[in-house]
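Structure assessment
Here's the letter readout for the chains.
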Amino acid sequence: LSGRKTTHHVRRLRTHIWFILGGMLLLHAVCLAVILALLVRQRAYAENVSAAGRASAVAHEAGAYALAVDAAFRGLGGLSVQTHMSFFAQRLSELLDSFEQLHSALYLGMPAPNHLPSSAKLTAVWTDVDRTVVRFNGVAGGVITSESATTSLWELGGAFVDAGRHVAFIAAEAADGLVGNYNMGADPIWLFARANTAGALADGYLELLETLVVESQKGDAALNTAMIAAAAVEIAAILFGFTAWLAWLLRGVVVSRKALFTVFLFIPSSLTKKLAGRPVHVVDPDEQDVHDDEARRARGGGGVLTVDRPSPGVYDDGYEAQDSGSLDGDGDAGNGGKAGKRIAGGVGFAGLPAHGKAPGEGGGNGRGGGASALKRIHSSSTLAGTYARQVTGEIDSSRNVYNGKKLTEIGWDVYMLMWPLFAIAGVVLALYVACIVLFGAAEDSTIDMKLMYRVNIQVSRLTLLSTDLAFRNASDAASRAALQSTLASESERFDMIYRTSLFGGGTLTDSVAHGANDFNDGCVFDGEAAAAALFVTGGCRRTIVDAGMVPLTASPPCANASSPYHAFTAHAIDPMAARLRWEALRLSADDLADVTPTNSRFQYIWAVGRTDLYESTYELAGTFTVAVHNAYNLVFVLQIVLLVLVVAAVLAFVFFMFRPFLQDTHTEAHMVAELLAQLPSDMEVEAMVAATYKLVQDHELNKKALHVQLSERSAALVHTLLTDTRPRKPSTGFFGLGADAEAGPGILGMPR
């Protein structure tokens, strides 16, 4: 009986719920795909920034060893072919292999997932053919001339590798005794490497590093915007889209249930009192019910609909509750006279009048009986007032019609199906906020990583310039003076970069030209690990066995307490960095005659800057690279966790809320049918259900005044039903919609 009127709403709810859940999952999947794609790109940028910094530092270090090969051939500073050349050849080959791998990967693209998408700026850095280099013409041992030429960074890197391998090959041949005293100063290939390593190649890689960081920062901004937009879109869609959609669907179910239970408002109170105590047995559905199982569901359970006592003053005769009753006047309903008996899946009846008469059924035309059942209900012209009139049984306020019974707590258990969507929106908001916070940490670590790589590059650069100055022919005073000037400016640059990296500050001057924005708080304040590496952690931090010392020692300075450099190399990074800056600056100011391979300032730079400090700063830069990757990985994990939680919430909603909801709806429909089937046979129940359903549905909302207004036909019908007391034959049926329904609208034909 109930299923026939509620089939449409339940079927619509069941169908649309899959669109709601599917749309929510699809929207989240799209947002997740966009965010993950941007995350992968940002991780690739971090890896490329690290590779560019590493390649530049390796190129400077390789250039220093190429200079040392020349010094060994010339026997400068205690270096010799027999003692040191084998180590120089091996180390130079290792560095060239590393540089070539990094150079090719940065230009051609790293293997997935570190492959960067095409970028106009990056392409311009690599293919710009206006980079000026110094090229040397002639053959080894002959007349050498130099000239300026232009090339691209890609071609310059390849030429540097070729020149370096040429020097490494000669060094290896000399170490094996296959080459005698070789004049590197007359070799145009070695001269090309010496002239361009600290010049065009270093400038090109600095531009590449800055461009990668700028592009990475743009990607960070895009990813941050994408996460904020995704959070806003998902939450707005859930709260104002899917939730509103579900509320509209559930409202249809609630209205159907209200229409169904409105039947009980018009059953005579004597029958209602007795019906409240009748047992209800829900049996397995028959064959027809099986076919229509999903089409016959309306919502129920949990004390949702209640027929409550009318307001005080509605009855003037002071009725008292009966102790018992039966539908035929003989049987005991078993309610014991207690109000609020629960039936029909939690439908309760309370405050029923005595003597088996509902308000309006008593005889006479005075204030007692039917006249006492009429009461004007004053409701405000607000949305709340409108809703109250809808759910309290005040069917026509304009005609002061009130039948003394009302429906309360309409649909709260149905609307409880909406709370999982609010919970999902809360989870989405919380995890997106966490991702955005973590992403901010990744941006800070990117700047820390870049600055520490700049420090590492500058350490190797000071080593290269100092080595070139110390090993340069004394007769070449002009070039040595130029090198001293360059060394002084690079020492100041090292100090500026180092302090900015540690303690924060604005963007570096040479970075501003490339469009960088590197304002930061400094790595010292980003965590204990960086501070410990800079000021606390002691011991040896080098990873290579250095055979380039003069004289050769069994242990490095950091492990040799008798070494003059032990105090600096065994006590964290900062003492070594401060001493390097000081020694390089003083070396740039020394008299040229004192700048030799045996100069104590140069000896410190060669012994400590080339190994301990270089490897320590590289290791610290690597920790920031790991921090960036960890932050991106954590954001990635949180996004996957969010996906799992959303899917789990949807599945839990389907299996633990929606399916039980449909099952309870089916049960409620049968319970109500069983109850209504126990009414007297002269009450045409099917027509009664159809009429009450139409009564509830046949209204419209006046959006301006927010009043619920019945159509004229329904208003007239209700007014007639509740006020006309003329006797009618039982055969006319409830609401006059029985066998004689075609004769007219009919009136209340219930037995007195």
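Reading the values: the criteria
Sequence order sets the numbering: in each chain, residues are counted from 1 along the sequence as written. pLDDT decides what is reported in this predicted model: residues at 70 or higher carry local features, side-chain atom pairs at 80 or more are listed and counted, and totals for whole chains, interfaces and linings draw on all residues regardless. Side-chain numbers here rest on the full set of heavy atoms in the structure, without hydrogens or water. Counting from the N terminus, the helices are the DSSP runs of H or I reaching at least four residues and the strands are the DSSP runs of E reaching at least two. Relative accessibility thresholds used throughout: buried, under 20% of the residue-type maximum; exposed, over 50%; partly exposed, between the two (1.4 Å probe, protein chains only). Should any heavy atoms of two residues lie within 4.5 Å, those residues are considered in contact. Whether two aromatic rings pair depends on their centres lying within 6.5 Å, for rings of Phe, Tyr and Trp, where Trp uses its six-membered ring; planes under 30 degrees apart make the pair stacked, over 60 edge-to-face, and the rest tilted. By definition, being over a ring means that NZ of Lys or CZ of Arg is both within 6 Å of the ring centre and within 35 degrees of the ring normal. Lines fitted to C-alpha atoms define the axes, with helix axes restricted to the stretch in contact, and inter-axis angles between N-to-C directions lie between 0 and 180 degrees. Angle categories are assigned with fixed cut-offs, so that under 35 degrees is roughly parallel, over 145 is roughly antiparallel, 65 to 115 is roughly perpendicular, and the rest are oblique. The residue classification treats Ala, Val, Leu, Ile, Met, Phe, Trp, Tyr, Cys and Pro as nonpolar and Asp, Glu, Lys and Arg as charged. All others, Gly included, are polar. Every helix has an expected span of 1.5 Å times one less than the residues it contains. Salt bridges, as used here, are contacts in which a Lys or Arg side-chain nitrogen is within 4 Å of a carboxyl oxygen on Asp or Glu. To count as a disulfide, a pair of cysteine sulfur atoms needs to be within 2.5 Å. By definition, no residue in a patch forms a salt bridge, and every one has over 30% relative accessible area; like charges are joined within 9 Å, nonpolar side chains (Val, Leu, Ile, Met, Phe, Trp, Tyr) within 5 Å. Per-residue and other accessible areas were derived by the Shrake-Rupley procedure at a 1.4 Å probe size, with only the shown protein chains allowed to occlude residues. Here, nonpolar core means buried Ala, Val, Leu, Ile, Met, Phe, Trp, Tyr and Cys residues that are tied together by side-chain atoms lying within 4.5 Å of each other. When charges are tallied, Lys and Arg are placed among the positive residues and Asp and Glu among the negative ones, while His and the ends of the chain are skipped. What qualifies as a polar contact is a pair of N or O atoms within 3.5 Å, subject to a donor-acceptor requirement within protein and to the restriction that residues adjacent in sequence count only when both atoms come from side chains. Per residue, pLDDT captures the predictor's confidence, and it can take any value from 0 to 100. Each crossing gets its handedness from the near helix: less than a right angle anticlockwise from the far helix is left-handed, clockwise is right-handed.

1. Some details on the overall build of the protein chain
Looking only at helices and strands, the protein chain features 19 helices and eight strands. A burial count over the protein chain gives 51% of its 752 residues as buried. In the protein chain, once contacts between residues fewer than 6 apart in sequence are set aside, the share between residues at least 24 apart is 78%.

2. Quick word on the packing of aromatic side chains
With the rule as written, the count across this model stands at 22 aromatic pairs. With 6.2 Å between their ring centres and 20 degrees between their planes, F653 and F658 make a pair best called stacked. Judged by relative accessible area, F653 falls into the buried class, the value being 3%. The rings of Y65, F87, F88, F471, F602 and W606 are connected pair by pair, giving a single aromatic cluster. Note that R579 overlies the ring of Y604, its terminal NZ or CZ placed 4.6 Å from the centroid.

3. What about the packing of helix α14 (residues 528-535) against helix α16 (residues 573-589)?
In a pair of packed helices, the angle between the axes and the distance between the axes together describe the arrangement. Direction vectors running N to C along α14 and α16 enclose 55 degrees, while the axes themselves pass 4 Å from each other. As the angle between them shows, α14 and α16 are arranged oblique. Contact residues: A533, L534 and F535 in α14; I573, D574 and P575 in α16. Looking at the contact of α14 with α16 residue by residue, the class counts come to five nonpolar, no polar and one charged.

4. Section: helix α12 (residues 477-503)
One full turn of an α-helix is made of 3.6 residues, so residues set three or four places apart face in the same direction. For α12, built from 27 residues, the straight-helix expectation of 39 Å at 1.5 Å per residue is met to within 8% by its first-to-last C-alpha distance of 39 Å. Within two residues after α12, G504 carries a phi angle of roughly 85 degrees, on the positive side.

5. Quick look at the pattern of salt bridges
Following the criterion strictly, the structure yields 22 salt bridges and no others. E94 serves as the salt-bridge partner of R91, at 3.3 Å between the closest nitrogen and oxygen. Of this pair, R91 and E94 both sit in helix α2 (residues 81-108), three residues apart, roughly one helical turn. The exposure class assigned to R91 is buried, which follows from its relative accessible area of 11%. Notably, a salt bridge pairs D476 with R472, separated by 3.6 Å at the nearest N-O pair. For R472, a relative accessible area of 14% gives the class buried. Here the salt bridges do not stand alone but share partners, grouping E210, K450, R454, R461, E490, R493, D510 and D518 into one network.

6. Observations concerning the state of the cysteines
Disulfides are covalent bonds that link the sulfur atoms of two cysteine residues. Under the definition given, this model contains one disulfide. Each sulfur of the disulfide joining C540 and C558 lies 1.9 Å from the other. A torsion of 105 degrees about the S-S bond marks the disulfide between C540 and C558 as right-handed. With C540 in the loop between α14 and α15 (566-569) and C558 in the loop between α14 and α15, this residue pair connects regions lying 18 residues apart in the sequence.

7. Quick look at a nonpolar patch on the surface
Among the surface-exposed residues, V427, L634, V637, V641 and L645 lie close enough to one another that they form a single nonpolar patch of about 350 Å² accessible area. Per-element tally for the nonpolar patch: the top contributor is helix α17 (residues 600-677), with four residues. The class of V427 is partly exposed, set by a relative accessible area of 33%.

8. A word on the nonpolar core
Core analysis: the largest hydrophobic core is formed by 164 residues, its most contacted members being F88, F99, L106, Y205, L208, L212 and Y432. The element contributing the most residues to this core is helix α1 (residues 2-74), with 32 residues. Look past the residues within four positions of L208 in its chain and what remains in contact with it is A52, L106, L122, V125, W126 and L153.

9. Thoughts on the side chain of R480
Examined against the element boundaries, R480 turns out to sit in helix α12. Among buried charged residues, R480 stands out as having no salt bridge; its nearest opposite-charge side chain is D591, 7.7 Å away. Polar contacts involving the side chain of R480 include one to the main-chain carbonyl oxygen of L592, which spans 3.3 Å.

10. Looking at unusual backbone geometry
Positive phi, close to 70 degrees, is recorded for A572, a residue that is not glycine. Structurally, A572 can be placed in the loop between α15 and α16.

11. Description of the environment of W126
Summarising the element assignment, W126 is placed in helix α3 (residues 120-127). In the structure, W126 is positioned 20 residues away from L106 in sequence and 9.5 Å away in space, judged by C-alpha atoms.

12. Let's talk about the confidence of the model for the protein chain
Averaged over all residues, the pLDDT of the protein chain equals 75, while 70% of them reach at least 70. This stretch, residues 284-403, has a pLDDT under 50; its non-local contacts, to residues over four places away or in other chains, come to 263 contacts. Across residues 727-752 the pLDDT falls below 50, and counting only partners more than four positions away or on other chains, this stretch makes 56 contacts in the model.

13. So, the environment of L483
Here L483 shows up in helix α12. A sequence separation of 17 residues divides L483 from S466, and the C-alpha atoms of the two residues are 8.3 Å apart. Ignoring sequence-local partners within four residues, the contact set of L483 consists of L465, D468, L469 and R472.

14. Side note on the side chain of S152
Note on placement: S152 falls in the loop between β2 (145-151) and α4 (153-175). With relative accessibility at 6%, the residue S152 sits in the buried group. Here S152 is in contact with W126, T127, D128, V129 and R131, once residues within four sequence places are set aside.

15. Quick look at the packing of helix α11 (residues 419-471) against α16
For the pair α11 and α16, the least separation of the axes is 11 Å and the interaxial angle reads 30 degrees. Considering their axes alone, α11 and α16 lie roughly parallel with respect to each other. In this structure, the crossing between α11 and α16 has a hand that is left-handed. Note on element contacts: α16 touches α11 through L580, A584 and L587, opposite V459, L462, S466 and L469.

16. A look at the environment of R91
Sequence spacing of R91 and Y65 is 26 residues, and the spatial spacing of their C-alpha atoms is 7.7 Å. Not counting residues within four places of it along the chain, the set of residues in contact with R91 comprises E61, Y65 and I544. A distance of 3.1 Å separates a polar atom in the side chain of R91 from a polar atom in the side chain of E61.

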